[in-house]
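Observations on the three-dimensional arrangement
Given next are the chains, with one letter for each unit.
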Amino acid sequence: QVQLVESGGGLVQAGGSLRLSCAASGRTFSTMGWFRQPPGKEREFVATISGNYGTTYYADSVKGRFTISRDNAKNTVYLQMNSLKPEDTAVYYCAVAATSSSSWYARNKDAYDYWGQGTQVTVSS
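Predicted, not measured: the structure shown is a model, and the values here were computed from it.

**A short note on unusual backbone geometry**
The residue Asn 75 is not glycine, and still its phi comes out positive at about 55 degrees. When you line up the elements, Asn 75 lands in the loop between strand S7 (66-71) and strand S8 (76-81). With a phi angle near 50 degrees, Ser 83 is a residue other than glycine that sits in the positive phi range. Structurally, the position occupied by Ser 83 is in the loop between S8 and strand S9 (90-96). Overall, Ser 83 belongs to the partly exposed group, its relative accessible area being 43%.

As structure tokens, this is what we get:
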């Protein structure tokens, strides 16, 4: 049984930092990613990391501020979020895929097989 357990969300002031973690169990995964859903909006891509070389891709809105990483020994993916802005407020979801995909397709929700429960990140101004 596959389980994804997220942690690390919370309330932070603008300019602050948070680190999200997502521990996967049940099997190993290829592509891993983070998405977020701001209040009243659709779920959107944040970042992805490949399983083979650890290649990363980011949404333009977080590039230079967020860093995605993974620890394959722990089957865990992380999202380090720095210089947080109020517009980063959202529920953040980790997602994992059993097979690899292109960098373009990895930005799509359909590329992923399993999702975490979501963790709230609130950035106050």
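Next comes the rest of the write-up.
**Quick look at the state of the cysteines**
For the structure on display, the rule yields one disulfide. The disulfide partner of Cys 22 is Cys 94, and the S-S distance across this bridge is 2.0 Å. Judged by the sign of its S-S torsion, about 45 degrees, the bond between Cys 22 and Cys 94 is right-handed. You can see Cys 22 sitting in strand S3 (residues 18-25) and its partner Cys 94 sitting in strand S9, a full 72 residues away along the chain. On the basis of relative accessibility, which here comes to 0%, the residue Cys 94 falls in the buried class.

**Observations regarding the pattern of salt bridges**
Pairs may arise between side chains of opposite charge once their charged atoms sit close together. Tallied over the entire structure, the rule returns four salt bridges. Notably, a salt bridge pairs Glu 44 with Arg 36, separated by 2.7 Å at the nearest N-O pair. Overall, the relative accessible area of 29% leaves Glu 44 in the partly exposed class. By relative accessible area, Arg 36 is classed as buried at 4%. The shortest N-O distance in the salt bridge between Asp 88 and Arg 36 comes to 2.9 Å. With Asp 88 in the loop between S8 and S9 and Arg 36 in strand S4 (residues 32-37), the pair connects residues that are 52 residues apart, well separated along the chain. Residue class for Asp 88 comes out buried when judged on its relative accessible area of 0%.

Analysis parameters
- Residues numbered from 1 in each chain as written.
- Predicted model: local features only at pLDDT ≥ 70, side-chain atom pairs only at ≥ 80, totals over all residues.
- Heavy atoms only, no water.
- Helix = DSSP H or I, 4+ residues; strand = E, 2+ residues; numbered from the N terminus.
- Buried < 20%, exposed > 50% of the residue type's maximum accessible area, 1.4 Å probe, protein only.
- Disulfide = S-S within 2.5 Å.
- Salt bridge = Lys/Arg side-chain N within 4 Å of Asp/Glu carboxyl O.

These figures capture arrangement, not role.
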